[in-house]
Protein chains: 4
Amino acid sequence: MEFRSDMTVELAYHVGLDQDVAKAARVSTLGEGAKEDGRPVEGLINFLMRDRHGSPFEHNSMTFYIEAPIFVAREFFRHRAGWSYNEESARYKELEPSFYVPDKHRKLIQTGKPGAYSFEQGTFQHRGALMGSFQVAYREAHLQYRNMLEAGIAREVARAVLPVGTYTSFYATCNARSLMHFLSLRTTRPNSAFSSFPQREIEMVAEKMEADFAELMPATYEAFERHGRVAP
Amino acid sequence: MEFRSDMTVELAYHVGLDQDVAKAARVSTLGEGAKEDGRPVEGLINFLMRDRHGSPFEHNSMTFYIEAPIFVAREFFRHRAGWSYNEESARYKELEPSFYVPDKHRKLIQTGKPGAYSFEQGTFQHRGALMGSFQVAYREAHLQYRNMLEAGIAREVARAVLPVGTYTSFYATCNARSLMHFLSLRTTRPNSAFSSFPQREIEMVAEKMEADFAELMPATYEAFERHGRVAP
Amino acid sequence: MEFRSDMTVELAYHVGLDQDVAKAARVSTLGEGAKEDGRPVEGLINFLMRDRHGSPFEHNSMTFYIEAPIFVAREFFRHRAGWSYNEESARYKELEPSFYVPDKHRKLIQTGKPGAYSFEQGTFQHRGALMGSFQVAYREAHLQYRNMLEAGIAREVARAVLPVGTYTSFYATCNARSLMHFLSLRTTRPNSAFSSFPQREIEMVAEKMEADFAELMPATYEAFERHGRVAP
Amino acid sequence: MEFRSDMTVELAYHVGLDQDVAKAARVSTLGEGAKEDGRPVEGLINFLMRDRHGSPFEHNSMTFYIEAPIFVAREFFRHRAGWSYNEESARYKELEPSFYVPDKHRKLIQTGKPGAYSFEQGTFQHRGALMGSFQVAYREAHLQYRNMLEAGIAREVARAVLPVGTYTSFYATCNARSLMHFLSLRTTRPNSAFSSFPQREIEMVAEKMEADFAELMPATYEAFERHGRVAP
């Protein structure tokens, strides 16, 4: 049995870079000449982002391998357009006893109302109550899950007792446009044109994806940052 | 605290009937004359289904209100194209202590391998082990969830201990084409052209949706049945 | 043979109103209690729009019947997410000789560069050149199309000579969210947060759709207007 | 002025091979162990195709550069799910005078009714009528287009007279699943489980894409062929 506080995000493979955004955009204005253009791409990409020409940002692909708690995967899979998923199945395999516990930086206390929460750190008492409850609940769930499997109950039935804090793993494939839409909703930054209120755990995943994206497509990323982190 | 074995499926509202499938199809062959056609629609719908002309089946909309365990919602939300969702949020509200337990008809024992499982009823011992483990695990999870909330821990943090057997509620909106695709994968019938292996619990939801669909769009439904339950 | 300058937009049928946006949103915060809520919806809808909670705006459906030139349909059908289409087919039927000519309000002269064009009215000479060329080209195209059909050439082959100014007809089904996205790109207004440069002819279609939408869902429409005409 | 009968299809770049289909599928059954699996992939891919597990075929990307007549692009862009497009714009640039004429192998005569046409070769007279009409119509359209541009009319207005046989160019990005769906509808083969009736010109494009696909992902392609050319 394992308690984890981190998220795994690995960029498995990808194709399509800043220059391919520009190439796709230039087919509109140049036709077949688009292919031979050697000009710098930054200005064009900046213009596309500003005026929300989104389609040139779709001719690329990034495939990530991710490990995160089920409640994060639940929020993640709400993103439909431009996303593909394959996830570990609790019908086909026994889930590993790996459970999420917040680390000491996680703010535990929530005040305010839906759409305008603010979070505070909490005291040692809060942290203690949390750790106690998480451990007891996770251990009991895992024990009963194992008991049922040993009694011969089908995995897909027994899994009903597993908590949403259990780690799952999945592949997620997206393109720059769908990724920017995801980042605009699942991270929170001062320079965002729109406010968003992601749960911290999915933001931890998003931040790692953002770092990979910034490295792969620096001109696209810079334009995203400059124009309020809104997907075009 | 409540234990449930049933699924709630209510057709909240809808628009578009068999005649509108025909009308959309006839715009292809008749142009604006499409609107005045008074012929019976069964033959045309049957032809569309057989030759997989899918788009005429999209000009309609059905909105369902559904209550089901989280593990069912997880499978449901994998359906992206032609589906819209809004779900109860464990970030914004405290979840009700309502938990899924299989009824006595649920086959509990699984044999075979992925893609070719078969299920058997199991004995009284199996049923007893299951009921014992479900109740212990659910009660402990709920107790620790409540303890954390009372200690002031944020709902979005405390919910990590809640099991995937907890009931959630959501609205799902689809059209006849996306619904038929869902039914082809989430039900299993002798007359299906392709084999599918849905988990029984999502099939229970799918069967109720199918009944509503069959009543709303009888000609479309009959053609679906006749042509191997494959979405066009 | 007919020359037209107008666009036909008819709302064929629809389902889902402002109150259903609110109902879908409240399932998040209230669970099953969502169904009994009787509070006014304007404030909630305004909040959803401001913070870009888009999914509650998808549980509704509007089906439009549209007649417009092929070049408008070409731009229209680039909208994929949340849109369904069925169009008159030049493979299955002979197209009517109905052709688009700009009316006298259409600005004919373009200056500037891609992404920053401005348009001016033009002189009588411009208008005269245009009308002459349109009529000659349309008549010749129609004559040769008819000649080929009479010679027994297949419709799908003969249609290659038909100009993109030929009128076509189609059904388009969308929801409030996908329609707002369309409107944000295909209309241009002073209060838009982002600049857009739609071709006037598709804007004529969009404006008629917008009028229907504003009447059906006034609270949603007002929030769209207030928050910079950006789809949530 | 140029008359063409061929279609250009170039695979610009791609990522994701048969082994990545298998890797995505194995995450379901193996979890993180999925990454180290060294077994042959053919059997697994065959099983996935047969039982219509479609999502593992989405974690790859192919970007094509295509030149084809506008009427082909019109049919092509009806494919929405899993497709991204950028096309040459007649608003932003003057279109090249390059026009489609059927080559001598194109069957010109159509008999039967919608959904069950059959095509025959036609006589020399048919071919002669066609070539005459195409040339006259294309030349007149091009002449009037040029006249208007020289008179100072905006490109987006003048283009209304251009025929749908004019060549356009575009980038199209897809994945193996969306490509197989396209191929199932836009090609016709004896081993297809469902009949389809694509227009020959889009089939010419589809066949070239199919050849690239077969080379890139041979195990996936073979399974597609074996199971009736139905997308999973």
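Scroll up to find the structure.
One structure accompanies this document, and this report is about it. Bear in mind the structure is a predicted one, so any value in this text is a computation, not a measurement. (Residues numbered from 1 in each chain as written. Chains lettered and ligands numbered in written order. Predicted model: local features only at pLDDT ≥ 70, side-chain atom pairs only at ≥ 80, totals over all residues. Heavy atoms only, no water.)

Turning our eyes to something else, we now look at the relation of the copies chain A and chain D. If you rotate chain A by 180° and push it 0.0 Å along the axis, it lands on chain D with an RMSD of 0.0 Å. In symmetry terms, the pair is related by a two-fold rotation axis. Mapped onto chain D, 100% of the interface residues of chain A again fall at the interface, so both copies present the same surface. (Least-squares fit on C-alpha atoms with pLDDT ≥ 70 in both. Contact = heavy atoms within 4.5 Å.)

Quick look at the interface of chain A and chain B now. With 54 residues of chain A at the contact, the number on the chain B side is 54 residues. Around 4,700 Å² of area is buried between chain A and chain B when both sides are counted, 56% of it from carbon and sulfur atoms. Interface area lost by chain A to chain B is led by A:R74, A:R80 and A:R91, which between them contribute 13%. Counting every contact that joins chain A to chain B gives six salt bridges. (Buried area = accessible area lost by both parts, 1.4 Å probe. Salt bridge = Lys/Arg side-chain N within 4 Å of Asp/Glu carboxyl O.)

We now examine the interface of chain A and chain D. Contact residues are listed per partner, giving 39 residues for chain A and 39 residues for chain D. Buried area between chain A and chain D, summed over both chains or domains, comes out near 3,100 Å², and the portion from carbon and sulfur atoms is 53%. Where chain A packs against chain D, one counts 14 residue pairs in polar contact (both at pLDDT 80 or more). Looking at the side of chain A that touches chain D, the elements with two or more residues in it are β2 (8-15), α1 (18-30), β3 (61-69), β4 (83-87) and β8 (167-174) of chain A. The biggest single contributor to the side of chain A that touches chain D is α1(A), with eight residues. Tallied by class, residues from the side of chain A that touches chain D come to 14 nonpolar, 15 polar and ten charged. (Polar contact = N/O pair within 3.5 Å; in protein donor to acceptor, adjacent residues only side chain to side chain. Helix = DSSP H or I, 4+ residues; strand = E, 2+ residues; numbered from the N terminus. Nonpolar A, V, L, I, M, F, W, Y, C, P; charged D, E, K, R; others polar.)

With that out of the way, let us pick up the layout of surface pockets. All names here are of chain C. A volume near 500 Å³ is recorded for the second largest pocket. Examining the composition of the lining of the second largest pocket, we find that four residues originate from one element, helix α7 (residues 200-216), more than from any other. Here the residues of the lining of the second largest pocket are counted per class, giving seven nonpolar, five polar and eight charged. (1 Å grid on protein atoms, 1.4 Å probe; cavity = no way out; pocket = protein on both sides within 12 Å on 5 of 7 lines; lining within 4 Å. Points joined across faces, edges and corners; volume = space filled by probe spheres on them.)

On to empty space enclosed by the protein, then. Counted according to the given criterion, the structure contains three cavities of 30 Å³ or more. Here the largest cavity is characterised by a volume of approximately 100 Å³. Of the residues belonging to the lining of the largest cavity, the class tally is six nonpolar, two polar and four charged. If you add up the space inside the second largest cavity, you get close to 70 Å³. Taken together, the elements giving at least two residues each to the lining of the second largest cavity come down to α3 (70-76) of chain A together with α3 (70-76) of chain B.

The subject of this paragraph is the packing of helix α2 (residues 42-50) of chain B against helix α8 (residues 218-226) of chain B. Residues and elements named next belong to chain B. At their nearest, the axes of α2 and α8 sit 9 Å apart, and the two run at 40° to each other. By the angle class used here, α2 and α8 are oblique. Here the hand of the crossing between α2 and α8 comes out right-handed. Across the interface between the two elements, E42, I45, N46 and M49 of α2 pack against A219, T220, A223, F224 and R226 of α8. (Axes fitted to C-alpha atoms, helices over the stretch in contact; angles between N-to-C directions. Parallel < 35°, antiparallel > 145°, perpendicular 65-115°, else oblique. Left-handed = near helix turned anticlockwise from the far one by under 90°.)

Further remarks concern the sheet that holds strand β2 (residues 8-15) of chain D. Residues and elements named next belong to chain D. One open sheet holds the four strands; their spatial order is β2-β3-β8-β4, and the pairing between them is antiparallel. Where the open sheet ends on each side, the last strands, each with one partner, are β2 and β4 (84-87). Pairs of neighbouring strands in the sheet enclose a mean axial angle of 20°, with direction left out of account. Two strands pair when backbone bridges link them, and strand β3 (residues 61-69) and strand β8 (residues 167-174) are joined in this way by eight bridges, in the antiparallel orientation. (Pairing = 2+ DSSP bridges.)

The next thing to look at is the packing of aromatic side chains. One pass over the structure, following the stated rule, counts 63 aromatic pairs over all chains. Measuring from ring centre to ring centre gives 5.4 Å for A:F134 and A:Y138, while their planes differ by 75°; the resulting arrangement is edge-to-face. Taken together, the positions of A:F134 and A:Y138, both in helix α4 (residues 124-150) and four residues apart, correspond to about one turn of that helix. Each of the two residues, A:F134 as well as A:Y138, counts as buried. Ring centres 4.9 Å apart and planes at 90° place the aromatic pair C:F77 and C:F170 in the edge-to-face group. One end of the pair, C:F77, is in the loop between α3 (70-76) and β4 (84-87); the other, C:F170, is in strand β8 (residues 167-174), with 93 residues separating them in the sequence. Judged by relative accessible area, which is 6%, C:F77 ranks as buried. Through a chain of ring-to-ring contacts, the aromatic side chains of A:F76, A:F77, A:W83, A:Y85, A:F170 and A:F182 assemble into a single cluster. (Phe/Tyr/Trp six-rings, centres within 6.5 Å; stacked < 30°, edge-to-face > 60°. Buried < 20%, exposed > 50% of the residue type's maximum accessible area, 1.4 Å probe, protein only.)

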